[in-house]
Amino acid sequence: MIRRIAAVPRDGFHLALMLALTFSTGVIDAVGYLGLDRVFTGNMTGNVVILGMGLVGAEDLPVLGPLLALVGFMAGAALSGRALKTAEPGWTRRTTVLLSLVAVVMLAVAALLLAIEDDFSHTVGITITTLLGAAMGVQAATARFIAVKDVTTVVVTSTITGLAADSVLGSGKAAGQSPRRVAAVLLILAGAAAGAALLKWHLGAGLVLSGGITLVVVVLGAIHARHHPA
């Protein structure tokens, strides 16, 4: 098993890992938006839009939740950026630690939700979305450091733009990038669908799935990096 993992080229392996995290983001955003008062924990563009509409009282949209998730995301991204400031390019021990932190936060929050069922206060809900926002900020900044082209793991707007602009109907300059772009879009879509479906069972179920995926990504990334030093 380890030999097979080690035999995969670095770029292709990192792409697969980041695509897995993209699916995980779809799951966790569905949980946040549908189960935690319409707050995105990965898609900060969505939070900024919700915040703007909420500030003028549109449809009773939340303000504090999206705001704190945005602050948490930025804090997490800053933490990751600081930790990786002097790191070697690619997957390193520091990226392993940071993504492990993301998995731990997801699984800890999932355990909390499974323990308290659906009976929790608005304050607890906001605290959860803030923590998840911070975790996703760490993930996004770490993925940015690993630098897999067209796969940020948290948003696909730029990916869709590139897909259309560089397609045969557009400039045709990067048609070879289309499969990974399509995969990223489909995976975040599938993740959102899975997260919504899991909400029918329990609010914490999607977080268990996301945390488990992230943990698997961490283990596989660390094993692969051991055989492909930077």
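Every value quoted in this text rests on a predicted model; they were computed, and no experiment measured them.

A.B. asks: Residues and numbers for the overall build of the chain, please.
C.D. replies: Broken down by element type, the chain carries nine helices and zero strands. Ordered by position from N to C terminus, the α and β elements of the chain give α-α-α-α-α-α-α-α-α. In terms of overall dimensions, the chain is globule-like: its C-alpha atoms have a radius of gyration of 18 Å, near the 17 Å expected for 230 residues. In terms of principal-axis extent, the alpha carbons of the chain reach across some 50 × 45 × 35 Å. Expressed as a percentage of its 230 residues, the buried residues of the chain come to 45%. For the chain, restricting intrachain contacts to residue pairs at least 6 apart in sequence, the fraction spanning at least 24 positions comes to 74%. Carbon together with sulfur atoms contributes 68% to the accessible area of the chain, which is approximately 11300 Å² in total.

A.B. asks: Run through unusual backbone geometry, naming residues and quoting values.
C.D. replies: Phi at Asp37 is positive, roughly 60 degrees, even though this residue is not glycine. With respect to the element layout, Asp37 can be found in the loop between helix H2 (10-35) and helix H3 (44-55). Overall, the relative accessible area of 39% leaves Asp37 in the partly exposed class. Even without glycine at this site, Asp60 takes up a positive phi of about 55 degrees. Looking at where Asp60 falls in the secondary structure, it is placed in the loop between H3 and helix H4 (64-83).

A.B. asks: Could you give an account of the environment of Thr161, with specific residues and numbers?
C.D. replies: Note on placement: Thr161 falls in helix H7 (residues 157-165). Overall, Thr161 belongs to the partly exposed group, its relative accessible area being 48%. Along the sequence, Thr161 and Arg144 sit 17 residues apart, while their C-alpha atoms lie 18 Å from each other. Side-chain polar atoms of Thr161 contact the backbone oxygen of Thr157, separated by 2.9 Å.

A.B. asks: Which residues make up the packing of aromatic side chains, and what values go with them?
C.D. replies: One pass over the full model with this rule turns up one aromatic pair. Where Tyr33 meets Phe40, the ring centres are 5.0 Å apart and the plane angle is 20 degrees; that geometry is what we call stacked. The exposure class assigned to Tyr33 is partly exposed, which follows from its relative accessible area of 30%.

A.B. asks: If you had to explain a nonpolar patch on the surface to someone new, which residues and values would you point to?
C.D. replies: A surface patch of nonpolar side chains, about 360 Å² in accessible area, is lined by Leu107, Leu114, Val208, Leu215 and Val219. Where the nonpolar patch is concerned, the elements lending two or more residues are helix H5 (93-116) and helix H9 (205-227). Tallying contributions element by element places H9 first for the nonpolar patch, with three residues. Tracing the sequence through the fold places Leu215 in helix H9. A residue is classified by how much of its surface remains accessible, and Leu215, at 40% relative accessible area, is partly exposed.

A.B. asks: Mind laying out the side chain of His14, listing which residues take part and the relevant values?
C.D. replies: Here His14 shows up in helix H2. What His14 contacts, discounting residues up to four positions off in sequence, is Trp91, Ile146 and Val148.

Thresholds, definitions, all that
Residues numbered from 1 in each chain as written. Predicted model: local features only at pLDDT ≥ 70, side-chain atom pairs only at ≥ 80, totals over all residues. Heavy atoms only, no water. Helix = DSSP H or I, 4+ residues; strand = E, 2+ residues; numbered from the N terminus. Rg over C-alpha atoms; globule rule 2.2 N^0.38 Å. Buried < 20%, exposed > 50% of the residue type's maximum accessible area, 1.4 Å probe, protein only. Contact = heavy atoms within 4.5 Å. Areas by Shrake-Rupley, 256 points an atom, 1.4 Å probe, with all protein chains shown as cover. Polar contact = N/O pair within 3.5 Å; in protein donor to acceptor, adjacent residues only side chain to side chain. Phe/Tyr/Trp six-rings, centres within 6.5 Å; stacked < 30°, edge-to-face > 60°. Patch = residues over 30% accessible without salt bridge, like charges linked within 9 Å, V, L, I, M, F, W, Y side chains within 5 Å. Salt bridge = Lys/Arg side-chain N within 4 Å of Asp/Glu carboxyl O.

On their own, these measurements won't tell you what the molecule is for.
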